[in-house]
Every structure is written in structure tokens, then in C-alpha cells.
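# Coordinate inspection notes
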Amino acid sequence: MSSVDEIKARLDILDIVSEDVQLKKSGRTYMGFCPFHNNTRSPAFAVYPETGTWKCFGACADGGDIFSYVMKKNGLDFKEALTLLAAKAGVTLEQYTPEQKKRKSIEEQQIELLESAADYFHQLYLHAPQAKHARDYIQGREFTDQTVATYKIGFALNSWDALRSNFMGQGYSEQDLIDAGLLTENQDKGTTYDRFRNRVIIPIRDVAGRTVGFGARTLEKDGIPKYLNSPQTGLFDKSRILFGLDSSKRFIREARQAVIVEGYMDVIMAWQGGFRNVVAQMGTALTRDQLQLLKKQTKRFVIALDADAAGVNATMRSLTVARETLDRDSEIRFDPSGLVREESRLNADIRIASIPEGEDPDSIIRNDPAEWAKLIGGAKPVVEYVTSVLIEQQPIDDPKNKSEIAQQVIPMILDINDPLERDHYWQFLARTLQVDERSLKQLNIKQRRKNNNQRPVVQGKKTAQRQQPPEPGAPPPIDDSNYSAKSSMGMMPDPTRRTKRKEAELIGRAAHNPGVIRQVNKILSDTGQPILHAQDFSLQIDRELFLLINDKQSAGEVVPSGDMWDSLDDILSERLKEIGQSISAIDKKPSRNLALSVLQWRLEKKKLLNTELQQMLRTARSNGESESLEQLAQQVERLTVEIKQIDRAKMGLSSRSKHRYAHKW
Ligand SMILES: [Zn+2]
């Protein structure tokens, strides 16, 4: 049994939830007021002790297992929740202890070594005659002595083995130096050499202030690469580090705003100029892990990347990651056509500062700090920024482009929390595209309708009939009789074993084939359905794996599966191996079949939920709870609409793929 399973087996979710929520038994379910949203009238929070799961039927509409609960309740990440629950369960994570202990002590030794290396580089910078050009370079950038000391700026000698002989002389082994990323191995020749040569060295610290790697700028004219980082090690993972966060976090909280820039030098110059709430992303776009780190400090972000094409692309990508990562509030409302729909609004304020072409934060602050303050103060809201970028790329004298742009911008308008602000941006978009605001809003509704009505019901039925027998490789149809049989006994909204296997299969495929998530998302959005998100998966551990894989791949990193496995935590890699073993026998499925699987399990879960809601509705009706009746009825209505939508999307997809790909079979 894995530690995760053992913890689940030993702990009763009722005990854990009862610490915060007063629960009342109702059949096989326990109900209480949801601890995650303002829920005081009728209890909307259900706990299912038999399956160890929970579900909110109210505004947050969230649910999961014991790990998801503890994470959400205490603002923990998966690992922290695991540690906490393991302690509670008396599971000592024993099977990992020797390994973990070893890893821990290796980690500590590595940090010690990296910190000595930072001192070594710094002393060379300050005193070595060979470092004169490095000092000239840094003085040319107008960094003060104090800044040099604060960031412990260093210098690596122009030598293949100076660092190696220095540290081996202190008793470190060659392997220690390789593991810390200080030496590079030439595997053909079986030799090693200093990774950093003739470069200015910037130590990179994690959020706790420990030196975990280095960034090194070349001092040679046209030296390649301009910046060389430490290689990925157990400690140094670019996607999980924000440069400068260790010192800026206090100021980010004070200013209630984080400014995100591109490079180390920008952060250092900002710090020197008195702007201390600044961090640098370590790659081309922000990652989910980086946003999670920042989110602990603030929910207001200003992205200030360079104005060149690469900077614009990076900003657009970061915005996508941010919209996927940051917290959302849900609200349920009626749209003008009378459909109940759930709006999910972004619980964060993201703005973009436009750096003038040819400049960067470093140069602006150096020349005129007031100019920087003005740029950040005048940062554009996302909608304005994205609209202007899109118009630049697709001029609006072509009416087709107008519609194209509107379709990309409208979801961002719908993200806005404040209704007045939202109105403002409807007007803004209409004005900018020179169209009528009402047509814009209609476009939005049309989009929805189009998805709903892509296939009129009658035609849909015919399609469904033609479909039998099911196309090869398609998941078997859901057996609806199952639900009605169980529903009278109070059905658990817990997905079937087959669904969990399908979920695992998708993760397994995605881990081994970088294109899978993108392809499945494309197919899903073509059918008008939301793209994959963590809540698509039943188990918290699978959610963690999905997010990790998705992050790596959407950051454009090519992750060879071997490396992927190596970089995972024990618990996650154990799960991925388990998945790998269970799916290896299944034929490789085309992405559209995976997408069909997704629709299938979404449908199944919504139907289970619907059954449960109907049950609650009946109970409320017989108890005369009028307040919850109204709310429940609304939810049932919404769910019914969603179920129809998924059903249609599914039918559309299977008939489409049948026509388009028929010749392949
Ligand atoms: Zn809730």
C-alpha cells in the first residue's frame, strides 16, 4: 500500500472535517455549512465517509479527497498536506525515510557547497586582478558596492579547472561538484571542467534565501549564451524559483503588489533604485509554481517584460498561465436568455506595464527612477493590453479580425470581478473595435448558443443511433441503469473505478507524449467544452501530476520522460509508475479518443451529481426547507444544461471523428 493510500485508510475524513465543520448525518452522507464560502442558510457541504470524499454544492462547487480538503482549508501544497496528514495518521512515511534522509543530507551538503562557491566567486570578484574587466562591467552598469555586497555578485575565472582544484583541495569530490552543477562532464572523454568561465556570477536563492544555483553573464563580446544558468538539479528548478523573492517578499506584502520582470539585472537595479517589490521569472514565461509562490504574498501583479516580440509572446503566455492558476470566485446568475450559468471570476488583479521599445527595466531605472514608477503606476489592465497586442497583429480594417479579436478578449472581460469595471471593458472593446456594444454581447451569447445548438436535438438523436455499434476504441457508453438503481439508496458522487482508470490513462499518456494535453485541449475547445483542468481528476495526487506535466509542457519545455520521472517527488513518481504499469497494456489511443474519454467522465460525474442533487431536493421538499429548495433547483437546472451540452459535444465529436477518420480504419 502506498503512503497516500495508507493515510487514507487510517484517517476518517469525518474526523478531519469535523475539526472545522459541524456535520449532521443524513442517510449515508454528512452535511454541514461549507467552510470555503459564505454559507449560513442551508448546509451545502457534503462529506461521504465511505469513499472518503467531500463536495460543496454551493458557490465553490469544489470537491475532492482528504488531501484536497486539508490543502484548501489550510492553504497548503500537496506535500505539506501529506506531511501533516501522515503525522496525524501515524504514518511515518517510513518507506521513504532512509531515502529522504539521505536526500535531505545531500541537499544540505549541496547548499553548503553552493554557498561556499558563492563566497569563492564573490571574493574573486572583489580582489582578483583577473576580475578587473568584471568590475569594470558592473561599474558600467552603475551598481553600487552595497548592491554588489547585497547580491554577492561574483566572478568565475577564465579557466577550465580553477574551481575544481579549489574545491577538491577542500575535500569535495568531483561527483559533489558535478551534482551541485559546478562542473560539467564531458562524457565522451570522461573528463570534467568548470561550468562557469570568465563570467559575472549572480547567486540565485530560493524563497527561503538559500543559494540553490547561479546565473552567469558572459563577459566576452558576443559570448554565447549571454546568460548561463546552473543545470537543473534537485535543488535548482527554474520553474519553481523567482529570482529576488527571498528579499522582496516582505516588500511585496507591504506594497500589496508584485512586479515581475525578465532578468536578474532588472531586479538588482530595481532594488538599488528603491523598488523592492520586484522579482524575475527564470524562463520565458511564468509558470504555475512561480505564481503559486507569489500568490502567497499578494494577488496584485504587474508584468513588466521587454517590449520586443519575445517579450510580448512571453507576456501573453504568462497571462494564460495566470488565468489558469489563480483563484477564482464563482457566482451563479441568469444570462439574458434565461439560462442559468456559473460565472467564474478571476480573484486577482493582473496588469501589464509597457516598457518602451529598445529599453528594459534596468536602463529605465538607471536613467530615471521616476519614469519607472510612472510606468508601473500606469500599467495597463489585461483587457486593454491584450486588445492592443491583437490589433497590432491583426489589423481591424478586416472585419474578420474584429470577430477574432473579440472572441479572444471577451473571456478576459468575463473574468473581471467588479460589474462596473466589466461594463467599462465591454464599452472599451466596442469602442476600440468600432462596433456596437450590443453586437459584441450578442457575439458572446451566439458563441454559447452555437455550442449548445450545434446539432439540433432531432439530428443529434439520429447521430446517436447511427453510432451503434460504438466506433472502435471509443469508450463504452455509460450504463444509465446503474445510477437510477443506486440513486434511491443515496448515491455517492464518487466516480467509478473505470473513470479513475481513464483519468490515470490520460496522465500516463501525457507524461510520455508532450503533445497530448495540447491536442486534447484543442479538441475539447473545438467542441465548445472547457479545456482540461485539475478538477477533471478525482484523486488529488492525479491533480498534482496533471498540473506538473501541464506546466512543464506549456512552458514549452521538452521533457524527456526519463527526466520527468527523475524530477518528481517520491510520492508522485510512485504514482506515475503505478499508472505506467496499469496502462502499458492498452493500445496507444489517438487524442480524440482521449478527449472523448474526458467528455465521458465529465458526463458521468455530472450525472452522479445530478442524482445526488435530486435526492437533496426531495429531502428539502419533504422538510419544507424553502431556502435551500430554490438554490438546489437552480443548481439542478444548471447541471441539466451542462449535461446536455456535454452530451452534444460528445455526439458531435464521435460522429465527426467517424466521418473524418473513417478511412483510417
Ligand atoms: Zn462551498
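Keep in mind it's a predicted model, so treat the numbers as computed, not measured. (Residues numbered from 1 in each chain as written. Predicted model: local features only at pLDDT ≥ 70, side-chain atom pairs only at ≥ 80, totals over all residues. Heavy atoms only, no water.)

### Quick look at the packing of aromatic side chains
Basically, it comes down to this: For this analysis, a ring pair means two rings from Phe, Tyr or Trp (six-membered ring only for Trp) whose centres lie within 6.5 Å, classed as stacked if their planes differ by under 30 degrees, edge-to-face if by over 60, and tilted for the remaining angles. Elements are defined by DSSP. Helices are runs of H or I of four residues or more, strands are runs of E of two residues or more, and each kind is numbered from the N terminus. Exposure is judged per residue with a 1.4 Å probe applied to protein chains only, and the accessible area is read against the type maximum: over 50% gives exposed, under 20% gives buried, and values in between give partly exposed. Should the NZ of a Lys or the CZ of an Arg lie within 6 Å of a ring centre and within 35 degrees of the ring normal, that charge is described as sitting over the ring.
In total, this model carries 23 aromatic pairs according to the counting rule given. Taken together, a centroid distance of 6.1 Å and an interplanar angle of 80° make the contact between Tyr425 and Phe428 edge-to-face. Of this pair, Tyr425 and Phe428 both sit in helix α18 (residues 419-433), separated by three residues, roughly a single helical turn. What makes Phe428 buried here is its relative accessible area of 13%. One aromatic cluster is present, built from ring pairs that chain together Tyr120, Phe121, Phe167, Tyr172, Phe196 and Phe214. Over the aromatic face of Trp160 sits the side chain of Arg197, whose NZ or CZ is 3.9 Å from the ring centroid. Lying over the aromatic face of Trp271, Arg276 brings its terminal NZ or CZ to 4.0 Å of the ring centre.

### Considering the sheet that holds strand β12 (residues 258-261)
Heads up, the rule is: Here, a strand pair is defined by DSSP locating no fewer than two bridges between the strands. In what follows, residue pairs with any heavy atoms lying within 4.5 Å of each other are defined as contacts. As a rule, the C-alpha atoms of each element are fitted with a line to give its axis, helices using only the stretch in contact, and angles between N-to-C directions run from 0 to 180 degrees.
Pairing within the open sheet is mixed, and its five strands lie in the order β13-β12-β14-β17-β18. Across the chains shown, the open sheet's two edge strands, defined by having one partner strand only, are β13 (278-280) and β18 (380-381). One ladder, built from three bridges, connects β12 with strand β14 (residues 300-303); its direction is parallel. The residue of β14 that forms the bridge with Ala258 is Phe301. Where helix α11 (residues 264-272) meets the sheet, its contacts fall on β12 and β13, and the angle it forms with β13 comes to roughly 165°.

### Observations regarding helix α3 (residues 66-74)
Short version of the rule: Any pair of nitrogen or oxygen atoms within 3.5 Å is treated as a polar contact; in protein, a donor-acceptor pairing is required on top of that, and neighbouring residues in sequence qualify only through side-chain atoms on both sides.
Among the residues of α3, Ile66, Phe67, Ser68, Tyr69, Val70 and Met71 are the ones counted as buried. Where α3 begins, the side chain of Asp65 points an oxygen toward the backbone nitrogen of Phe67, at a separation of 3.1 Å.

### Digging into the pattern of salt bridges
Rules: The term salt bridge refers to a pairing of a side-chain nitrogen on Lys or Arg with a carboxyl oxygen on Asp or Glu at a separation within 4 Å.
All told, the structure shown has 26 salt bridges when counted by the stated rule. Note that Glu642 and Arg638 form a salt bridge whose closest N and O atoms lie 3.7 Å from each other. Of the two residues, Glu642 and Arg638 both sit in helix α28 (residues 626-661), four residues apart, roughly one turn of that helix. You can call Glu642 buried: its relative accessible area is 17%. By relative accessible area, which is 7% here, Arg638 ends up buried. Ionic contacts of the salt-bridge type, sharing partners, join the residues Glu107, Asp206 and Arg210 into one network.

### Observations regarding the confidence of the model for the protein
Regions with low pLDDT should not have their predicted coordinates read in detail. The cut-off we apply is this: A residue's pLDDT is the confidence the predictor assigns to it, expressed on a 0 to 100 scale.
On average, residues of the protein score 80 in pLDDT, and 82% of them are at 70 or above. When pLDDT is averaged over each helix and strand of the protein, the minimum, 28, is found for helix α21 (residues 481-487) and the maximum, 97, for strand β6 (residues 154-156). Low pLDDT, under 50, characterises residues 445-493; the stretch is placed with 69 contacts to residues that sit more than four places away or in other chains. Here residues 661-665 is modelled with pLDDT under 50, and outside its nearest four sequence neighbours on either side it reaches five contacts, counting other chains as well.

### What to know about the environment of Val278
One can find Val278 in strand β13. Taking the C-alpha atoms as reference points, Val278 and Ile303, separated by 25 residues in sequence, lie 10.0 Å from one another. The residues touching Val278, leaving out its near neighbours within four places in the chain, are Ser248, Val259, Val261, Val267 and Ala270.

### A look at the nonpolar core
Spelled out, the test is: Joining through side-chain atoms within 4.5 Å is the link that ties buried Ala, Val, Leu, Ile, Met, Phe, Trp, Tyr and Cys residues into a set, and such a set is a nonpolar core. Domain borders in the structure are assigned automatically or taken from a domain database.
In this structure, Ile7 and Val47 are the most contacted members of the largest nonpolar core, which totals 75 residues. Here this core gets 12 residues from one element, more than from any other, and that element is helix α27 (residues 591-623). Among the domains, domain 1 (3-92) and domain 5 (457-664) are the pair contributing at least three residues each to this core. Setting aside anything within four residues of it in sequence, one finds Ile7 in contact with Phe67, Leu82, Leu85, Ala86, Ala89 and Val91. Within the second largest apolar cluster, 68 residues are counted, among which are Tyr137, Tyr172, Trp271 and Ala353.

### Section: the environment of Tyr385
Here Tyr385 lies in helix α16 (residues 382-393). Residue class for Tyr385 comes out buried when judged on its relative accessible area of 7%. C-alpha of Tyr385 to C-alpha of Val409: the two residues are 24 residues apart in sequence and 10.0 Å apart in space. When neighbours within four sequence positions are excluded, Tyr385 is seen to be in contact with Val312, Thr315, Met316, Leu319, Ile352, Ser354 and Lys380.

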